[in-house]
Amino acid sequence: MAQEKNESGDSTRTVVVAVIANAAIAVAKTVAALMTGSASMWAEAAHSVADTGNEVLLFVGLRRSVKEPDARHPFGYGQERYFWTFLAALGIFLVGGTLSIGEGVRSLLLPEPLESIWVGIGVLVVAFAFESYSWHTARKQLRAESRERDRSMVEHLRRASDPSATTVFLEDTAALIGLVVALIALLLHAGTGWAGWDAVGSIAIGVLLIVVAYLLARRSKTLLLDESAPPDVLEPIRARVAGLDWVGEIRDLHAVYVGPSSLLVNVLVTPTPAAAGAPASDLVSRIARLRRSLLEDPAITQVAVTVH
């Protein structure tokens, strides 16, 4: 389980960095929003508050998911991460997305004058630096994981069994884009005197957050519903089983994630005529050796081998 523990430690560091960065940014943006009256700045403040809360949820999921298996949860608590990530996606949608859109609509109906623009610009620039560091931390973890599995970065984002770093990466990517949008809206508001630019910026940030929330919720739902492991995970297992001299045919092979880097594998095989004709004790011994061999892989938690 060394690989799994290492990935868990990487995810914890990624989430802790994100919590600290977003908490500091949320305070700064809120102060700047109060001073400037900018709708897009209020949207960014709501965004950072949502991100901070969501990453606290991710941390809770990380801590709960490492509990040892027990009688009620024989495969462990790994799926806790998927549940808490789903809650984080809801938080992005409700706190970040809908509030940002609501603030944009309010600003269109009740525009306010822009004040202390340089405070707003300064906060956005500093926030960009903090968000970039958090984004780089998450990207570094994901790049290492994707290289280890011989996947592209995009492919790994779609297939990763640990949603923690993926959530931080997508949140921070949205945050960086949102900061650029907020800065452009702030400058256009100051340059033209029309508060509508700020309102449009706020609505655009809200739509961006809703898109990110949808992507995260969809991935969490897939993992919670025990979707089959991807082909690049299944094929090495299939090759190991097929390479045994007593296996005539692999009739079925299923593997689902019961937690990050934690697979439940079911194999249905037909033995060769020679193996089938041997004493039953020989076949039982071979099945036991196959189970032990597969369980040596740190990513496999449980194996069931059935002979037909």
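Residues numbered from 1 in each chain as written. Predicted model: local features only at pLDDT ≥ 70, side-chain atom pairs only at ≥ 80, totals over all residues. Heavy atoms only, no water.

An unreviewed UniProt entry annotates the protein as Cation diffusion facilitator family transporter of Paractinoplanes rhizophilus. Under Subcellular location (unreviewed entry), UniProt gives the following word-for-word description of the protein: "Membrane". (UniProt positions renumbered as here; feature names shortened; annotations may be inferred.)

(A) Fine view of the packing of aromatic side chains. Under the counting rule described, the total for this entry stands at three aromatic pairs. Judged by centre distance (5.6 Å) and plane angle (25°), the rings of Trp135 and Phe169 are stacked. Of this pair, Trp135 sits in helix α4 (residues 117-148) while Phe169 sits in helix α6 (residues 163-192), placing them 34 residues apart in sequence. Among the residues examined, Phe169 registers a relative accessible area of 10% and is labelled buried. Between Trp194 and Trp197 the ring centres are 5.6 Å apart and the planes differ by 80°, which places this aromatic pair in the edge-to-face class. Looking at Trp197, the relative accessible area reads 34%, which means it is partly exposed. Looking at Lys67, its charged tip hangs above the ring of Tyr77, at a distance of 4.4 Å from the centre. (Phe/Tyr/Trp six-rings, centres within 6.5 Å; stacked < 30°, edge-to-face > 60°. Helix = DSSP H or I, 4+ residues; strand = E, 2+ residues; numbered from the N terminus. Buried < 20%, exposed > 50% of the residue type's maximum accessible area, 1.4 Å probe, protein only. Lys NZ or Arg CZ within 6 Å of the ring centre and 35° of its normal.)

(B) Inspection of the side chain of Asp172 at higher detail. Tracing the sequence through the fold places Asp172 in helix α6. Buried within the structure, Asp172 lacks any salt-bridge partner; its nearest side chain of opposite charge belongs to Lys29, at an N-O separation of 9.1 Å. Filtering out sequence-adjacent residues up to four positions away, Asp172 remains in contact with Asn22, Glu131, Ser134 and Trp135. (Lys, Arg positive; Asp, Glu negative; His and termini not counted. Salt bridge = Lys/Arg side-chain N within 4 Å of Asp/Glu carboxyl O. Contact = heavy atoms within 4.5 Å.)

(C) Here's a closer look at the UniProt feature "transmembrane region" (unreviewed entry) in the protein. The feature "transmembrane region" (unreviewed entry), as given by UniProt, occupies residues 15-35, 82-102, 117-135, 168-188 and 194-217 in the numbering adopted here. With 100% helix and 0% strand, residues 15-35 has end C-alpha atoms that lie 30 Å from one another. The distance separating the terminal C-alpha atoms of residues 194-217 is 36 Å; by composition the span is 92% helix and 0% strand.

(D) Main features of the environment of Gly248. If you trace the backbone, Gly248 turns up in strand β1 (residues 247-259). Under the relative-accessibility criterion, Gly248 is labelled exposed at 51%. Separated by 26 residues in the primary sequence, Gly248 and Ala274 place their C-alpha atoms 9.6 Å from one another. Not counting residues up to four positions away in its chain, the partners in contact with Gly248 are Thr270, Pro271 and Thr272.

(E) Seen up close, the UniProt feature "domain: Cation efflux protein transmembrane" (unreviewed entry) in the protein. UniProt records the feature "domain: Cation efflux protein transmembrane" (unreviewed entry) for residues 15-225 in the present numbering. Secondary structure across residues 15-225 divides into 84% helix and 0% strand, with the first and last C-alpha atoms of the span separated by 24 Å.

(F) The sheet that holds strand β3 (residues 300-307), seen in detail. Taken together, three strands build an open sheet; the order of strands is β1-β2-β3 and the sheet is mixed. At either end of the open sheet lies a strand with only one pairing partner, and these are β1 and β3. Strand-to-strand twist in this sheet, taken as the mean axis angle between neighbours without regard to direction, amounts to 15°. Where strand β2 (residues 262-271) and β3 come together, seven bridges link them in parallel fashion. (Pairing = 2+ DSSP bridges. Axes fitted to C-alpha atoms, helices over the stretch in contact; angles between N-to-C directions.)

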